[in-house]
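Remarks on the overall topology
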Amino acid sequence: MLAVDGLGKAFDGLVANRDISFIVHHGEIIGLIGPNGAGKTTLFNCLAGFHTPTTGRIAFEGQDITGSTPEAAAALGIARTFQIVRVFQSMTALENVMVGAMLRNKRVAEARERAEDELAFVGLSHRADTPASDLTVSEQKRLEVARALATEPKLILLDEVMAGLNPTEVREASALVHRIHQRGIASIIVEHVMEGIMPIAHRMLVLDYGAKIADGTPAEIAENPAVIAAYLGE
Ligand SMILES: Nc1ncnc2c1ncn2[C@@H]1O[C@H](COP(=O)(O)OP(=O)(O)OP(=O)(O)O)[C@@H](O)[C@H]1O
């Protein structure tokens with residue numbers, strides 16, 4: 001469904017992504033890992049239309065989406081969450097998710113219904129009328145996932161949804177990713193919490209200094225000398 005070919009992104013001479021190529025199939029769960037500054041968030045920004053790549057092409061469902069806007073990417077079915085949550089703090093949880101639902105449901109009543117379903121899906125129904133600012137970090141992360149799901153994506157990009165969560169919450173987040181997969185939605189997950197991502201990813205992509213250094217099953221990349229060296233800083 002997603003084909004990235006030779007993608008590069010430079011900021012004033014600083015190369016954040018270099019010659020990255022990979023494919024994502026329908027419904028796949030992809031873990032995207034790499035040391036700090038490796039270029040993971042930049043890659044997300046290119047895929048979701050927040051950055052225009054300097055080189056390379058991105059095709060989604062057979063359509064060239066290189067350099068498209070975030071709105072166009074969302075309309076085609078790519079949704080994302082952010083490393084630092086970007087929920088609308090003064091709006092309630094339900095209203096936040098309705099913002100996502102309005103992409104496909106122009107009638108408010110329909111958007112509300114859709115938003116209620118997604119809040120239930122992430123386990124936040126009981127917080128529907130709570131202002132987002134009163135939610136815990138873990139709840140705000142789930143709220144972002146609900147808002148992204150409300151846009152009815154085919155591919156969801158999850159940026160560190162497990163960071164800062166306790167072990168129970170990490171297990172809940174893993175279960176949520178699995179349930180997203182069961183809906184037939186593909187996911188690419190940036191994650192530093194290895195015990196959260198390794199058991200659920202079908203495939204892992206590893207970036208180091210902006211380049212892809214490994215692409216394989218979690219077991220394969222755990223044994224990969226280049227990956228071990230990148231993490232040990234050798
Ligand atoms: N908008 C920008 N302008 C200039 N430089 C940027 C910009 N965004 C990212 N960079 C730089 O690109 C490099 C890759 O950053 P990026 O945030 O993509 O890495 P990351 O792998 O997501 O890191 P982390 O794990 O710390 O979130 C870094 O050197 C960063 O400083």
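Anything mentioned here points back to the structure above.
This section reports on the structure supplied with the text.

The rules behind each value
Residues numbered from 1 in each chain as written. Predicted model: local features only at pLDDT ≥ 70, side-chain atom pairs only at ≥ 80, totals over all residues. Heavy atoms only, no water. Axes fitted to C-alpha atoms, helices over the stretch in contact; angles between N-to-C directions. Helix = DSSP H or I, 4+ residues; strand = E, 2+ residues; numbered from the N terminus. Parallel < 35°, antiparallel > 145°, perpendicular 65-115°, else oblique. Contact = heavy atoms within 4.5 Å. Nonpolar A, V, L, I, M, F, W, Y, C, P; charged D, E, K, R; others polar. Pairing = 2+ DSSP bridges. 1 Å grid on protein atoms, 1.4 Å probe; cavity = no way out; pocket = protein on both sides within 12 Å on 5 of 7 lines; lining within 4 Å. Points joined across faces, edges and corners; volume = space filled by probe spheres on them. Near = heavy atom within 4 Å. Polar contact = N/O pair within 3.5 Å; in protein donor to acceptor, adjacent residues only side chain to side chain. Areas by Shrake-Rupley, 256 points an atom, 1.4 Å probe, with all protein chains shown as cover.

1. Some remarks on the packing of helix α5 (residues 137–149) against helix α6 (residues 167–182)
Running from N to C, α5 and α6 cross one another at 5°; their axes reach a closest spacing of 12 Å. Classified by the interaxial angle, the pair formed by α5 and α6 is roughly parallel. Note on element contacts: α6 touches α5 through Glu169, Leu176 and Ile180, opposite Ser138, Arg142, Val145 and Leu149. Its residues assigned to classes, the contact of α5 with α6 shows four nonpolar, one polar and two charged.

2. A word on the sheet that holds strand β1 (residues 2–11)
Here four strands make up an open sheet; going across it, the order is β2-β1-β4-β5 and the pairing antiparallel. Each end of this open sheet is capped by a strand with a single partner; those strands are β2 (14–24) and β5 (63–64). Across two bridges, strand β4 (residues 55–60) lies against β5 in antiparallel orientation. Bridged to Ala59 within β5 is Asp64. Against the sheet, helix α1 (residues 40–47) contacts β1, β2 and β4, and its axis sits at roughly 115° relative to β1.

3. Focus: the layout of surface pockets
The rolling of a water-molecule-sized probe over the atoms marks out the regions of remaining empty space. Looking at the largest pocket, its volume works out to about 480 Å³. Contributing to the lining of the largest pocket are 18 residues, with Phe50, Ala74, Arg80, Phe82 and Thr151 lying nearest its centre. Within the residue set of the lining of the largest pocket, elements represented by two or more residues are α2 (70–76), β6 (78–80), α3 (93–101) and α5. Its residues assigned to classes, the lining of the largest pocket shows 11 nonpolar, two polar and five charged.

4. Comments concerning the site of the ligand
Taken together, 13 residues are adjacent to the ligand, and Gly37, Gly39, Lys40, Thr41 and Thr42 come closest. Separating an oxygen atom of the ligand from a backbone N or O atom of Gly37 is a distance of 2.9 Å. The contact in question runs from an oxygen atom of the ligand to an N or O atom on the side chain of Thr42, over 2.6 Å. Considered on its own, the ligand offers 640 Å² of accessible surface; in the complex 63% of this is hidden by protein. Of all the elements in the fold, those that place two or more residues in the shell around the ligand are β2 and α1. The residue makeup of the shell around the ligand, split by class, is five nonpolar, seven polar and one charged.

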